[in-house]
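# Structural overview
Chain by chain, the residues run as shown.
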Amino acid sequence: MASSIDDLKSAIKEALPDLDMVIAWTAGPDPLSHTPLFITDEADIERIAWDPRCSQNLAGYLTGLRGKKVGVVAKGCDARSIVELLQEKLIDREDVTIFGLHCTGAVDARTTRKALGSSRGVEDVAIDGATARFTVAGEAKTLPLGETLQQKCFTCTGADAEVCDHFIGEHGLPPQVGERPASTLEELEAMSMEERLHFWEDQMTRCIRCYACRSACPLCVCQDHCAAQSREPHWVDQTDHPREKLMFQAIHALHTAGRCTECGECERACPMGLPIMTLKQALNRSIQDLFDYRAGTDPDQAPPLFEFREEEKNIKEREW
Amino acid sequence: MLTARYIANDKLLPWLLSLTETRQVLAPVQVGGQTLFAPLDADSRLDLKGLADASAKAALLPRCETLFEFHYSKSEGVPSRTELELRETLPDQETFLFGARPCDAKGFTVFDRVYDAGTRRDIYYCSRRDKTLVAVLACTDPADTCFCNRVGGGPGETDGADILFTPVKGGFVVEAVTERGDAFLLEQPLVEAEDRTEEARKVREAVSDAMPDEAPLVGIQSKVLELFDDKGFWEGITSKCLSCGACSYLCPTCYCFNMTDEIKGDDGVRIRTWDNCMSFQFTLEGSGHNPRDGKAQRMRNRIGHKFSYYPELHDGNLACVGCGRCIVHCPVSMDVRAIVDQARDRALAKEEHVND
Ligand code: SF4
Ligand code: SF4
Ligand code: SF4
Ligand code: SF4
Ligand code: SF4
């Protein structure tokens, strides 16, 4: 990756004069998390960081910057969010310059911090093969990917930013995870309906209703007009009841059905570590069965719930 | 001289569990991969390794608190009239809050100045405060994101607490710091601390001395205020903020709330729930106008409140205790320290410019 970062910097340097800004990542305040960097000045380019700590999906900023010429650095999954935003006509292709990268996987700061004991002194993170390597206060440490990566990376459908203007580095495969932990979706599928409800009620007791899951979702475009906080209509009440909180998650999942690219931001942003992307994954599986459609793959396709057909290919209504 | 006792590591959990017979014990326990303050019971997994993921603030300021319950009914005499019945719901749970960190406890002093201010006493807060004994656990392993020492605190401080636990060889020294804490400790079957109090003092000093020595963030209220109209500054620092509010909800000092009536049929509750200034609805007026309608204005409020307006009203005490939770849990890793440092530097540079 050492060489890609230099290539990335030169590509951005070349493009910057024609852009209002470029969004990339830079070292963050916690040694396991990098943070977004808004570059308007050439001097900032030197601060760019690119390694498995670059977790944030920068595509989320694009809708708010519509009308400006914006460059954005994207991993495979981030690029799928951009494609989905293009499909929904929420951003304009000619205004966005995509610097695509090959991603080796993104670490989950929370689980990695626990696995390493602390994030203090982490200086370097790299992934190669099925192992994550860390330099912690000068000393080398390794962890299996199963203990380090974000959930989404275990089901990554492509680690290269497929749609982009500049591809930097070499193309490659998603992380080669040896032992991957059972996904929450698999665990839930083995449960009865009643057990599933208990599972979610139990999880939702921890929800603090910050709505970071919503704010971080690149496809949540209502934001300040969210159904969760509306008093009229009164979809959810403000009490601390887990069912009210689950109701919001159901709304979020339905509003992103067939649109969600499983970028994982909702789950990564949740300060309570709730496995909420699972709800969207479950809906996505249904969307795929019903419409043969996977969000964020083809900029020229329209999302299935944006279109009306008298007869869907896989829903044989008239034959009932 | 206040009481000092000692408890061995293996006696700690049994002792805490014995306390649960007469009161609720809140302690940092592992819940679904997180470390949160929750009622302790025999199945709890106590986690005293570092700072809990969420602060202890819910012990005194619950996420959702019922202020009263109400019931509508038809008037017996005049059927066209509706009668309203109200039921008071004051908290009465005796609580022992164990394992709060010094920053968590100092957070309570931020609340005290607001909710227990002479004649303006919030009865819900005050009755919880009165019924809660706060035992802090001195920090021995501050994180990269901890900065209590820059905001008037320290890893072994006791502001807002009644009892101090300090880890020493084989166990903890337990020292009373208030009369209340003293009365409680005197009743507990714990052994004398003897010369271990000296060891505990050294432990605290060593941790405190090892904290990075960076410029204090106190006494800069006027500097932050000078930037109030500096739109460029606030927009610059908030470009990456998602305006989500996770920072405020995890903060041990944020105390803003919303009040709503939640009604089902003829029964309802008036509740107050956490609110936060990073949310669009925070200052949304009935007319539809919002004086803080962008994330830059909202961040200005958050930083301004903590480092300028609050200290201005409360003898220079900040509304930030340096726990760093807003940094660790921010989805885009915003750093409150960096913002305040930048604000101070920017204001100083402006002053110099004026003097040139
Ligand atoms: S999902 Fe794929 S592209 Fe996205 S961070 Fe994980 S490995 Fe990288
Ligand atoms: S719902 Fe979650 S996983 Fe799906 S697009 Fe939004 S943030 Fe990404
Ligand atoms: S981010 Fe997590 S804690 Fe916050 S509202 Fe969403 S699910 Fe709840
Ligand atoms: S600072 Fe971070 S946690 Fe706070 S509102 Fe902004 S994005 Fe959310
Ligand atoms: S502002 Fe941040 S560091 Fe300060 S007390 Fe609140 S959560 Fe802790």
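Computed from a predicted model, the values in this text were never measured in an experiment. Counting from 1, residues in each chain are numbered in the order their sequence is written. Here the convention is simple: chains get letters from A, ligands get numbers from 1, in the order in which they are written. Totals for whole chains, interfaces and linings use every residue, but because this is a predicted model, local features are given only for residues with pLDDT of at least 70 and side-chain atom pairs only at 80 or more, for both listing and counting. Each side-chain value is worked out from all heavy atoms of the structure, with water and hydrogens disregarded.

### Topic: the overall build of chain A
The condition that has to hold: Working definition: helices are DSSP H or I runs of at least four residues, strands are E runs of at least two. Numbering for both runs from the N terminus. As defined in this context, the radius of gyration uses C-alpha atoms, and a globule is described by 2.2 Å times the residue total to the power 0.38. Only protein chains enter the accessibility calculation, which uses a 1.4 Å probe; a residue whose area is less than 20% of its type maximum is buried, one above 50% is exposed, and one in between is partly exposed. Here the open area of atoms and residues is found with the Shrake-Rupley method and a 1.4 Å probe, where only the protein chains shown may cover a residue.
Scanning chain A from N- to C-terminus turns up nine helices and eight strands. Computed over the C-alpha atoms, the radius of gyration of chain A is 20 Å, within 12% of the 20 Å expected from 2.2 N^0.38 for a compact globule of 320 residues. Expressed along its principal axes, the backbone C-alpha trace of chain A runs to roughly 60 × 45 × 40 Å. Scored against the burial criterion, the 320 residues of chain A give a buried share of 56%. Taken as a whole, chain A presents about 14,400 Å² of accessible surface, with 50% of it coming from carbon and sulfur.

### Observations concerning the interface of chain B and chain A
Keep this limit in mind: What makes two residues a contact is simply this: any of their non-hydrogen atoms within 4.5 Å. Here the quantity called buried area is the total loss of accessible area, with a 1.4 Å probe, experienced by two parts when brought into contact, counted for both. In the sections that follow, a salt bridge refers to a side-chain nitrogen of Lys or Arg positioned within 4 Å of a carboxyl oxygen of Asp or Glu. Polar contacts, as used here, are pairs of N or O atoms within 3.5 Å; protein pairs need one atom able to donate a hydrogen and one able to accept it. Residues neighboring in sequence count only if both atoms are side-chain atoms.
Listed per partner, the contact involves 43 residues of chain B and 40 residues of chain A. Contact between chain B and chain A buries roughly 3,200 Å² in total, counting both sides, with carbon and sulfur atoms accounting for 51%. For the pair chain B and chain A, the number of links is six salt bridges. Of the charged contacts in the structure, one is a salt bridge between Lys114(A) and Asp53(B), with a shortest N-O distance of 3.6 Å. At the junction of chain B with chain A, the criterion picks out 20 residue pairs in polar contact (both at pLDDT 80 or more). Elements supplying a minimum of two residues to the side of chain B that touches chain A: strand E3 (34–39), helix H8 (246–250), strand E13 (257–264), strand E14 (267–274) and helix H10 (325–328) of chain B. Considering every element that reaches the side of chain B that touches chain A, the biggest residue donor is E13(B), with four residues.

### A look at the packing of helix H7 (residues 242–255) of chain A against helix H9 (residues 277–291) of chain A
Residues and elements named next belong to chain A. Quick note on the threshold: Axes here mean lines fitted to C-alpha atoms, for a helix over just the part in contact, with angles spanning 0 to 180 degrees between N-to-C directions. Small angles under 35 degrees read as roughly parallel and large ones over 145 as roughly antiparallel, with 65 to 115 read as roughly perpendicular and the rest as oblique. Rotating anticlockwise by less than a right angle from the far helix to the near helix defines a left-handed crossing, while the corresponding clockwise rotation defines a right-handed one. Think of it as three bins: nonpolar holds Ala, Val, Leu, Ile, Met, Phe, Trp, Tyr, Cys and Pro, charged holds Asp, Glu, Lys and Arg, and polar takes everything else, Gly as well.
It is at 9 Å that the axes of H7 and H9 come closest, and there the two elements cross at 40 degrees. Classified by the angle between their axes, H7 and H9 sit oblique to one another. Where H7 crosses over H9, the two elements pack in a sense that is right-handed. For the pair formed by H7 and H9, the contact residues are Gln249, His252, Ala253 and Leu254 on the first element and Leu279, Lys280 and Leu283 on the second. Of the residues contributing to the contact of H7 with H9, the split by class is four nonpolar, two polar and one charged.

### Some points on unusual backbone geometry
Residues and elements named next belong to chain A. Residue Pro233 is bonded to the preceding Glu232 through a cis peptide linkage, with omega at 0 degrees. Its location among the elements puts Pro233 in the loop between helix H6 (212–216) and H7. Positive phi outside glycine occurs at Lys89, with the angle close to 60 degrees. Positionally, Lys89 belongs in the loop between helix H2 (76–87) and strand E4 (96–101). Unlike most non-glycine residues, Arg209 shows phi in positive territory, near 60 degrees.

### Some details on empty space enclosed by the protein
Residues and elements named next belong to chain B. This is how it is decided: Every definition here rests on a 1 Å grid over the protein atoms only: cavities are sets of points where a 1.4 Å probe fits but cannot get out, pockets are open sets enclosed by protein on both sides within 12 Å along at least five of seven lines, and lining residues have some atom within 4 Å of a point. Grid points are joined across faces, edges and corners, and a volume is the space filled by probe spheres set on the points.
All chains considered together, the criterion is met by eight cavities of 30 Å³ or more. Space inside the largest cavity adds up to approximately 120 Å³. Around the largest cavity sit 16 residues that line it, and Cys241, Cys247, Arg302, Cys330 and Met334 are the ones nearest its centre. Elements that contribute at least two residues to the lining of the largest cavity include exactly H8, helix H9 (295–313) and helix H11 (336–355).

### Structural notes on the sheet that holds strand E10 (residues 163–168) of chain B
Residues and elements named next belong to chain B. What counts is decided by this rule: The pairing criterion for strands is at least two bridges between them, as found by DSSP.
If you walk across this open sheet you meet the eight strands as E3-E2-E6-E9-E10-E11-E1-E12, and the pairing is mixed. The strands lining the two open edges of the sheet, one partner per strand, are E3 and strand E12 (191–192). In terms of strand pairing, strand E2 (residues 24–31) meets strand E6 (residues 95–100) through three bridges, oriented parallel. Following the sheet pairing, Val25 is matched in E6 by Phe96. Contacts from helix H3 (residues 123–131) reach E6 and strand E9 (132–137) within the one sheet, and its direction differs from that of E9 by about 65 degrees. Packed on one face of the sheet, helix H4 (residues 179–186) meets strand E1 (4–8), E6, E9, E10 and strand E11 (171–176) and runs near 125 degrees to E11.

### Quick look at the nonpolar core
The following threshold applies: Note on terminology: a nonpolar core comprises buried Ala, Val, Leu, Ile, Met, Phe, Trp, Tyr and Cys residues joined through side-chain atoms within 4.5 Å.
Formed by 73 residues in total, the largest nonpolar core has its most connected members in Leu8(A), Ile48(A), Ile82(A), Phe99(A), Ile303(B) and Phe307(B). With near-sequence residues (within four places) excluded, Ile303(B) lies in contact with Val224(B), Trp234(B), Ser308(B), Val336(B), Ile339(B) and Val340(B). In this structure, Leu246(A), Ile276(A), Ala246(B) and Leu250(B) belong to the second largest nonpolar core, which totals 30 residues.

### Comments concerning the confidence of the model for chain B
Heads up, the rule is: pLDDT: the predictor's confidence for each residue, scored from 0 to 100.
Looking at chain B, the pLDDT average stands at 94 and 100% of residues meet or exceed 70. In the predicted complex, the global pTM is 0.93; the interface-specific ipTM is 0.93.

### Observations concerning the side chain of Asp237(A)
Assignment of secondary structure puts Asp237(A) in the loop between H6 and H7. Residue classification places Asp237(A) among the buried residues on the basis of a relative accessible area of 7%. At a separation of 3.3 Å, a polar atom in the side chain of Asp237(A) contacts the side chain of Lys264(B). With near-sequence residues (within four places) excluded, Asp237(A) lies in contact with Arg209(A), Glu244(A), Glu262(B) and Lys264(B).

### Regarding the pattern of salt bridges
Residues and elements named next belong to chain A. Enumeration over the complete set of coordinates arrives at 49 salt bridges over all chains. Among the salt bridges present, the one from Lys9 reaches Glu46, with a minimum N-O distance of 3.5 Å. With Lys9 in helix H1 (residues 2–15) and Glu46 in the loop between strand E2 (34–39) and strand E3 (70–74), this residue pair connects regions lying 37 residues apart in the sequence. Overall, Lys9 belongs to the buried group, its relative accessible area being 13%.

### A closer look at the site of ligand 4
Residues and elements named next belong to chain B. What counts here: Whether a residue is near a molecule or strand depends on its heavy atoms: it is near if one of them lies within 4 Å of it. More than half of a molecule's atoms within 2 Å of the grid points is what it takes for that molecule to sit in a cavity or pocket.
The environment of ligand 4 is made up of 13 residues, and the closest members are Cys241, Leu242, Cys244, Cys247 and Cys330. Cavity membership is defined here by more than half of the atoms lying within 2 Å of grid points; on that basis ligand 4 lies in the largest cavity. Taken together, the residues of the shell around ligand 4 sort by class into eleven nonpolar, two polar and no charged.

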